[in-house]
Amino acid sequence: MIVVVNFSSRKDGNCYRISGVVKKHFKNKKVKIFNFYENTYVSCGHCNYECFVKRCKVDDNLNEIFKAIVQSEEAIYVLPNYCDYPNSNYFLFSERRCGFFNGNKDLQNRYLNIPKKFIVISNSTNNNFKETLKNHIPEKTNPDILFLNSKKFNQDPLDGNLMNDSEAENVIHDYLDNKYLIEQSAMAIVFYKSKVLSTVEEVYNRPTLSLPKGHLENGESPLEAAIRECFEETNEVITKDNYIGELAPFEINFINHHNKLVKKTIYPIIFRVDKMGHLASKEERIIKVKYLPIGEFLLQCTYDNVKTMILEATCK
Ligand SMILES: Cc1cc2nc3c(=O)[nH]c(=O)nc-3n(C[C@H](O)[C@H](O)[C@H](O)COP(=O)(O)O)c2cc1C
């Protein structure tokens, strides 16, 4: 059985319709959908935290959702972004887990180990989701999240009509089938004294601070690609002599300009130069190129994973 939890309290909204698409996707399997809009569940509190010692006193049917999940082969959580976090139903659900587990570690582990996918209606790929959704999966693993940005499909998220777009629906099917286009990319982290070589590029009409990076071309190693991309994007000449190390590659999932799901592995390569070259932005989408003090870069960069990388790279 597949369990779908629709956390939205709006009937007929995006989460409701996406849950319907998930049911259609698994048409040969039993699919049980739990809709938060159909019930009013009690949030944690108004008690003496009995759940930690004996039974939780609340008597609504929220535990039915947990019972179904621990008996399922996979659970799909569909949730909206409210003010850059999952909506409050999600937090209510997370807190009430304690009442269901009731101190039973085996039951808790069984719940955490049920494979889960998270479909989030959100105009950003916000790190708050990556952190809070970890509550429902085994420790030291990352949640498998699909962020669905209505604007990318020319839809207004408040209309709740995202699934009228066949490309958006296809993205859901590909995600449930783990069907991704595979890409590999290298990123050059180039330090000069306490500055880092940075680019400002146009991403969806917004100037966005980043690092020189690009796809691996045929037969190229990540080191060769980082050196080439750095020159092509910033005019800075670096060689293997400037190489000081690399960080563990990391994966990102996103929807590309053709509305296809992509899984990209990024190889961060670290260099140090003792002299700045003559910088120039040579690609149209790159607005500015400069060595930025590391502190300023960390303050201005909006990509959490890039910021983490810079911090790790400074320790090399
Ligand atoms: C109170 C509130 C806050 C929201 N905040 C955000 C937000 O910060 N970012 C975003 O991308 N969408 C935001 N939205 C839009 C919802 O995520 C979007 O409308 C989604 O489709 C809601 O799910 P539903 O259609 O199933 O009800 C917000 C909506 C509401 C009602």
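J.: What should I look at first to understand the site of the ligand in this one?
T.: Around the ligand there are 17 residues in total, and Ser 8, Arg 10, Gly 13, Cys 15 and Pro 80 lie nearest to it. For the shell around the ligand, the secondary structure elements donating two or more residues are α1 (14-25) and β3 (74-82).

J.: Help me out: how do you make sense of the domain arrangement of the chain in this one?
T.: Many authors give the size of an interface as the accessible area that is lost as the parts come together. Segmentation of the chain into domains returns domain 1 (2-176) and domain 2 (181-313). Once you take the C-alpha centre of each, domain 1 and domain 2 turn out to be 34 Å apart. Taken residue by residue, the interface counts seven residues in domain 1 and four residues in domain 2. Looking at the side of domain 1 that touches domain 2 element by element, the count peaks at four residues for helix α6 (residues 166-176). Grouping the amino acids of the side of domain 1 that touches domain 2 by side-chain chemistry returns three nonpolar, one polar and three charged.

J.: Can you help me understand the environment of Glu 246 in this one?
T.: Position of Glu 246 relative to the elements: it lies in strand β11 (residues 243-246). Judged by local crowding, Glu 246 falls into the partly exposed class, with 19 C-beta atoms found within 10 Å. Sequence separation between Glu 246 and Ala 313 is 67 residues, and the spatial gap between their C-alpha atoms is 7.8 Å. Ignoring any residue separated from it by four or fewer positions in sequence, one finds Glu 246 in contact with Tyr 267, Pro 268, Ile 269 and Ile 270.

J.: I'm lost on the packing of helix α2 (residues 63-70) against helix α4 (residues 105-113) in this one. Help?
T.: Packed helices, taken two at a time, are described by their axes: the angle between them and the distance between them. Interaxial distance between α2 and α4 falls to 9 Å at its minimum, and their mutual angle equals 75 degrees. The orientation of α2 relative to α4 falls into the category roughly perpendicular. Residue-level inspection shows Phe 66, Ile 69 and Val 70 of α2 in contact with α4, the latter providing Leu 107, Arg 110 and Tyr 111. Across the contact of α2 with α4, the residue classes break down as five nonpolar, no polar and one charged.

J.: Would you mind showing me how to read unusual backbone geometry here?
T.: Its identity as a non-glycine residue notwithstanding, Tyr 49 has a phi of 55 degrees, on the positive side. By the element assignment, Tyr 49 lies in the loop between β2 (31-35) and α2.

J.: So what exactly am I meant to see when it comes to the pairing of strand β12 (residues 250-255) here?
T.: For a regular strand, side-chain orientation follows a simple rule: the groups alternate between the two sheet faces. Note: β12 against strand β13 (residues 261-273), six bridges, orientation antiparallel. Paired with Asn 253 across the strands is Lys 263, a residue of β13. From the end of β12 to the start of β13, which pair antiparallel, there are five residues, and Asn 259 there has a positive phi angle of about 60 degrees.

Rules and cut-offs
- Residues numbered from 1 in each chain as written.
- Predicted model: local features only at pLDDT ≥ 70, side-chain atom pairs only at ≥ 80, totals over all residues.
- Near = placed C-beta within 6 Å.
- Helix = DSSP H or I, 4+ residues; strand = E, 2+ residues; numbered from the N terminus.
- Domains from an automatic or database assignment.
- Contact = placed C-beta atoms within 7 Å.
- Nonpolar A, V, L, I, M, F, W, Y, C, P; charged D, E, K, R; others polar.
- Buried ≥ 20, exposed ≤ 12 C-beta atoms within 10 Å, placed from the backbone.
- Axes fitted to C-alpha atoms, helices over the stretch in contact; angles between N-to-C directions.
- Parallel < 35°, antiparallel > 145°, perpendicular 65-115°, else oblique.
- Pairing = 2+ DSSP bridges.

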